[in-house]
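# Chains, contacts and geometry: an overview
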Amino acid sequence: MAFAIHRGYLPGCIGRIAELHARYYAGASGFGLAFEAQVASELAAFCTRYEDGRDGLWLALLDGRVEASIAIDGRQAEREGAQLRWFIASDALRGRGVGRQLLGEALALCDARGYPRTRLWTFDQLLAARHLYEAHGFALARTERGAQWGTPVNEQLFVRERP
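These lines cover the structure that appears in this document, whether it is placed above or below. Note that the structure is predicted; figures quoted are calculated from it, not measured. (Residues numbered from 1 in each chain as written. Predicted model: local features only at pLDDT ≥ 70, side-chain atom pairs only at ≥ 80, totals over all residues. Heavy atoms only, no water.)

## Digging into the nonpolar core
Of all hydrophobic cores here, the largest spans 25 residues; its most connected members are Ile70, Ile72, Leu84, Phe87, Leu102, Leu103 and Phe138. When residues of this core are traced back to their parent elements, those giving at least two are β2 (56–62), β3 (65–73), β4 (82–89), α3 (98–113) and α4 (127–135). Take this core: its biggest share by element is seven residues, from α3. In contact with isoleucine 72, not counting residues within four places along its chain, are Phe46, Asp55, Gly56, Trp58, Ala82, Gln83, Leu84, Ala106, Leu109, Cys110, Tyr115 and Thr118. Counting 21 residues, the second-largest nonpolar core is a separate cluster that includes Cys13, Cys47, Trp86 and Leu126. (Core = buried A, V, L, I, M, F, W, Y, C linked by side-chain atoms within 4.5 Å. Buried < 20%, exposed > 50% of the residue type's maximum accessible area, 1.4 Å probe, protein only. Helix = DSSP H or I, 4+ residues; strand = E, 2+ residues; numbered from the N terminus. Contact = heavy atoms within 4.5 Å.)

## A word on the sheet that holds strand β6 (residues 139–146)
Read across the sheet, seven strands follow the order β1-β2-β3-β4-β5-β7-β6 without closing on themselves; strand pairing throughout is mixed. Of all strands in the sheet, those with a lone pairing partner are β1 (4–7) and β6, marking the two edges. Each neighbouring strand pair of the sheet contributes to a mean axis angle of 25°, computed without reference to strand direction. Two strands pair when backbone bridges link them, and β6 and strand β7 (residues 153–161) are joined in this way by seven bridges, in the antiparallel orientation. Its bridge partner being in β7, glycine 146 is matched across the sheet by valine 153. With respect to the sheet, helix α2 (residues 33–49) is in contact with β2, β3 and β4, its orientation differing from that of β4 by roughly 125°. Taken strand by strand, α3 contacts β1, β2, β3, β4, β5 (117–123) and β7, and its axis lies near 30° from that of β3. (Pairing = 2+ DSSP bridges. Axes fitted to C-alpha atoms, helices over the stretch in contact; angles between N-to-C directions.)

## A few points about the packing of α3 against α4
At a minimum axis separation of 11 Å, α3 and α4 run at an interaxial angle of 40°. By the criterion of interaxial angle, the relationship of α3 to α4 is oblique. Read as a crossing pair, α3 and α4 show a hand that is right-handed. Here Gly99, Arg100 and Leu103 of α3 come into contact with α4, specifically with Leu132, Tyr133 and Ala135. Split by residue class, the contact of α3 with α4 holds four nonpolar, one polar and one charged. (Parallel < 35°, antiparallel > 145°, perpendicular 65-115°, else oblique. Left-handed = near helix turned anticlockwise from the far one by under 90°. Nonpolar A, V, L, I, M, F, W, Y, C, P; charged D, E, K, R; others polar.)

## Considering the pattern of salt bridges
This structure, assessed with the given rule, holds 16 salt bridges. The shortest N-O distance in the salt bridge between arginine 85 and glutamate 42 comes to 2.3 Å. One end of the pair, arginine 85, is in strand β4; the other, glutamate 42, is in helix α2, with 43 residues separating them in the sequence. Given the relative accessible area of 18%, arginine 85 is considered buried. Residue glutamate 42 is classed as partly exposed on the basis of its relative accessible area, which comes to 27%. Here the salt bridges share partners, and the residues they tie into one network are Arg16, Glu19, Arg23, Arg65 and Glu67. (Salt bridge = Lys/Arg side-chain N within 4 Å of Asp/Glu carboxyl O.)

Structure, rendered in structure tokens:
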């Protein structure tokens, strides 16, 4: 089955993106309610203040259902860099190239807007994601121990300078 990429909000996407994150990270990292609530509330706030052109939201759809997402929050792009957020793919799409395509779309927006840098936070257990980030020009800038999602992890800041 082929997936389709949709740019922008679709009804139900906030809940679905939060669900994808909650299910994946509960199994992979032991994250629970605090993490799901944070994803849902921050994503809802992002969608509410979304400005087309400054920000970006891409959804990968399979049979009309959101199965992957990525977002660029450009609100602080000039000071701190655009922030890449909510990058996730379901088991139905993982390994089918959707992540590479979504990341390419997001970074194309950053380049077209002339954002001086793009940053993202992740943690050290996500090796496949790290490989994808590094293949797209991101470099590890900082690592720190944190427990903001309910389980202690080594949080990592990756930065991509404007090409």
